[in-house]
Amino acid sequence: MFASGVVKLTSRCPTWWGLTALTYHYETQCIPTPGAWFAHQLPVWFQKLSVVATYVIEIALPLLFFAPLRRLRLFAFYSQVLLQVLIILTGNYNFFNMLTIVLAFSLLDEEHVGRWLGRAKRKQGSAWPPSLGSLLSTLVELSTYGLLLYWSIQSFGLEIDWEKKQLDSKVAFTYHEFTTWLRAVTLPLVGLGFLSLSWEILVAMYRCACVRGCFWKLWAALQWALITTAAVGLFAVSLVPFTYVEQEASGKLWPGLHRMFNAVERFQVVNSYGLFRRMTGVGGRPEVVLEGSYGGQSWTEIEFMYKPGNVSAAPPVLVPHQPRLDWQMWFAALGPPSSSPWFASFVYRLLQGKRDVVRLVQVDESRYPFSAQPPVYLRAQLYKYWFTSSTQSSPGPAPWWRRQHVQEFFPTVSLGDPTLEKLLTQHGLKDPPPPLSAAAALPRLLRWARLLSRPFPGPAVLWSLYLVAATARLLPALGRRRRGGAPPARHKAPRRGEPPDRGGGERNGQVRRKEPRDPEEKGEGRPRGAAETPDGPRGPRRKK
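The rules we used
Residues numbered from 1 in each chain as written. Predicted model: local features only at pLDDT ≥ 70, side-chain atom pairs only at ≥ 80, totals over all residues. Heavy atoms only, no water. UniProt positions renumbered as here; feature names shortened; annotations may be inferred. Core = buried A, V, L, I, M, F, W, Y, C linked by side-chain atoms within 4.5 Å. Buried < 20%, exposed > 50% of the residue type's maximum accessible area, 1.4 Å probe, protein only. Helix = DSSP H or I, 4+ residues; strand = E, 2+ residues; numbered from the N terminus. Contact = heavy atoms within 4.5 Å. Pairing = 2+ DSSP bridges. Axes fitted to C-alpha atoms, helices over the stretch in contact; angles between N-to-C directions. 1 Å grid on protein atoms, 1.4 Å probe; cavity = no way out; pocket = protein on both sides within 12 Å on 5 of 7 lines; lining within 4 Å. Points joined across faces, edges and corners; volume = space filled by probe spheres on them. Nonpolar A, V, L, I, M, F, W, Y, C, P; charged D, E, K, R; others polar. Phe/Tyr/Trp six-rings, centres within 6.5 Å; stacked < 30°, edge-to-face > 60°. Lys NZ or Arg CZ within 6 Å of the ring centre and 35° of its normal.

- As recorded in an unreviewed UniProt entry, the protein goes by Lipase maturation factor and comes from Hypotaenidia okinawae.
- Regarding the protein, the UniProt comment filed under Function (unreviewed entry) reads as follows: "Involved in the maturation of specific proteins in the endoplasmic reticulum."
- Here the protein is described in UniProt, under the heading Sequence similarities (unreviewed entry), as follows: "Belongs to the lipase maturation factor family."

Here is the structure:
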């Protein structure tokens with residue numbers, strides 16, 4: 001999170017420095033949602049304030065991950081969850097945001113999660129006057145919130161415009177001041193992470209020492225050694241890509257860390273992060289529109305399942321699915337066709353009518369205009385797309401997009417066209433792939449799974465898998481709870497002289513109580529936790 005916030009400023013992108021990035025982001029991201037259209041209609045001053053909030057959540061609040069006070073960690077957790085939920089509502093980024101939320105759960109403790117599940121522990125009434133430790137923790141917490149608010153006001157020039165009734169903001173520091181600050185805090189942040197990891201290792205070692213039994217203590221020590229080794233190794237290797245945000249700090253790392261990182265870099269165990277380093281599509285969202293024809297005179301647009309095409313089609317919601325072809329089409333529109341050599345092969349397969357490739361465009365072949373016969377000619381046009389305004393009026397259903405033709409993206413080609421053949425040969429895309437062994441189990445399993453999921457869209461398949469996994473985890477828990485039964489109700493003890501309730505002869509579907517082992521308690525049938533009778537048929541009550 002820290003690196004994602006920092007690179008937005010180190011890139012010197014004018015939209016991030018001018019706090020106007022979100023006025024372009026919602027309509028220019030890979031695959032927006034319907035919520036992105038509504039967010040795009042918000043006033044500019046609110047968009048700027050949202051950028052300020054993004055900087056605070058991504059740069060300042062991650063420091064609270066290591067705070068000793070649990071309320072500060074909870075504040076950091078809910079801030080991160082808020083940011084990720086807003087991103088989910090306005091953009092389709094597969095499982096990335098869900099993964100970030102899952103990682104943020106490490107900031108919680110059992111007591112707080114117990115409140116969600118309705119198993120919160122009862123707290124005793126707060127004593128008055130409060131203890132010195134409670135006063136100090138409250139003072140530190142309030143001071144942290146105040147310092148965070150003061151830093152935000154000073155760094156981003158937050159000021160209320162009473163005439164316009166809005167909150168103005170602007171970046172109140174220079175690039176040199178920011179890089180100086182970043183150089184000063186990068187290595188201390190590494191030290192903070194090291195101290196936090198060391199504390200967790202010591203606490204885990206103490207818990208191992210408290211385990212009873214020689215065998216179990218040895219088993220706990222072995223687990224502690226393995227997990228500690230993995231955690232320390234992963235932390236050490238991750239320092240190299242983390243310090244990429246500041247090259248001088250990266251050069252001060254121990255050379256052995258760089259050698260360790262180079263040894264495992266090909267496995268992509270750790271990575272550097274730089275989300276939305278620069279805002280693309282400032283002059284309009286570039287979009288490639290594919291067109292096909294049988295005679296070369298009348299052209300029909302080929303509409304994809306998810307990416308923008310038809311201006312009247314609403315943006316989709318497809319989390320956690322990631323349609324890779326639609327994503328690659330977004331990247332292809334950002335540059336010339338030569339930067340996306342796969343596009344020539346894509347056109348070639350559509351001209352051949354390859355059904356597997358057609359299903360990447362449309363699962364429902366009835367929506368593919370050339371399902372009966374492949375097109376004879378294909379070409380691609382480059383357009384600029386913008387979200388429509390909420391004040392814009394049009395006859396019929398209101399469109400979501402407006403677009404403008406820019407230029408031709410890919411020339412008109414057909415099977416056997418010299419231009420297409422040259423591109424395929426140049427990039428080695430015409431040669432057939434090596435055949436797979438028909439006897440291999442994995443290819444057969446994959447073909448069978450693809451055949452089963454073929455009629456369904458990707459989001460439906462993924463959500464079905466998630467629901468099956470959640471049900472498989474939930475049913476055993478419900479079974480254990482049912483076998484354990486509900487906690488017995490508390491009843492008042494019978495009054496003096498009244499016969500006690502005997503629980504051994506229930507019928508008609510009532511639960512029959514288990515015979516107690518103590519012969520003196522046979523026939524009593526008292527519910528657990530009830531007071532003993534003062535005088536029963538067995539004589540005076542026993543002393544506890």
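## A word on the nonpolar core
Then comes step 1: In this structure, Phe 2, Leu 9, Trp 16, Tyr 55, Phe 173 and Phe 178 are the most contacted members of the largest nonpolar core, which totals 42 residues.
Then comes step 2: When residues of this core are assigned to their parent elements, the largest contribution, seven residues, is made by helix 5 (residues 44–60).
Then comes step 3: Sequence-distant contacts of Phe 178, that is, excluding residues within four places in its chain, are made with Val 6, Leu 9, Thr 10, Trp 17 and Phe 173.
Then comes step 4: Among the nonpolar cores identified, the runner-up in size contains 28 residues, and Ile 302, Leu 325, Ala 332 and Leu 382 belong to it.

## Regarding the environment of Leu 42
Then comes step 1: Examined against the element boundaries, Leu 42 turns out to sit in the loop between helix 4 (34–40) and helix 5.
Then comes step 2: Its relative accessible area of 36% is what places Leu 42 among the partly exposed residues.
Then comes step 3: Considered as a pair, Leu 42 and Ser 390 are 348 residues apart in the sequence and their alpha carbons are 10.0 Å apart.

## Digging into the sheet that holds strand 6 (residues 401–413)
Then comes step 1: What the four strands build is an open sheet, ordered 4-3-5-6; its pairing is antiparallel. Only two strands of the sheet have a single neighbouring strand rather than two, namely strand 4 (300–302) and strand 6. Across this sheet, the average inter-strand angle for adjacent strands is 35 degrees, counted without regard to direction.
Then comes step 2: Pairing of strand 3 (residues 285–293) with strand 4, which is carried by three bridges, proceeds in the antiparallel orientation. Among the inter-strand pairings, Leu 290 is bridged to a residue of strand 4, identified as Ile 302.
Then comes step 3: Against the sheet, helix 15 (residues 342–352) engages strand 3, strand 5 (377–387) and strand 6, with an angle of about 80 degrees to strand 6.

## A look at the layout of surface pockets
Then comes step 1: Considered as a void within the structure, the second largest pocket measures approximately 930 Å³ in volume.
Then comes step 2: Looking at the second largest pocket, it is lined by 39 residues, and the ones nearest its centre are Ser 50, Ala 53, Thr 54, Leu 83 and Leu 86.
Then comes step 3: Counting only elements with at least two residues in the lining of the second largest pocket, the list comes to helix 3 (22–28), helix 5, helix 6 (70–90), helix 7 (96–104) and helix 9 (132–156).
Then comes step 4: The element best represented in the lining of the second largest pocket is helix 5, accounting for ten residues.
Then comes step 5: Its residues assigned to classes, the lining of the second largest pocket comprises 28 nonpolar, nine polar and two charged.

## Some remarks on the packing of aromatic side chains
Then comes step 1: A complete count under the given rule lists 36 aromatic pairs for this structure.
Then comes step 2: Each ring, one from Tyr 93 and one from Phe 276, has its centre 5.8 Å from the other, and the planes form 90 degrees; the classification is edge-to-face. Taken together, the positions of Tyr 93 in the loop between helix 6 and helix 7 and Phe 276 in the loop between helix 13 (255–264) and strand 3 put the pair 183 residues apart, joining distant regions of the chain.
Then comes step 3: The exposure class of Tyr 93 is buried, given its relative accessible area of 9%.
Then comes step 4: Residue Phe 276 is classed as partly exposed on the basis of its relative accessible area of 35%.
Then comes step 5: Between Tyr 383 and Tyr 385 the ring centres are 6.5 Å apart and the planes differ by 70 degrees, which places this aromatic pair in the edge-to-face class. The pair Tyr 383 / Tyr 385 is uniform in exposure class, with both members buried.
Then comes step 6: One aromatic cluster is present, built from ring pairs that chain together Phe 2, Trp 16, Trp 17, Tyr 55, Trp 151, Phe 156, Phe 173, Tyr 175, Phe 178, Trp 181 and Phe 242.
Then comes step 7: The ring of Trp 16 has Lys 8 lying over it, and the distance from NZ or CZ to the ring centre is 5.3 Å.

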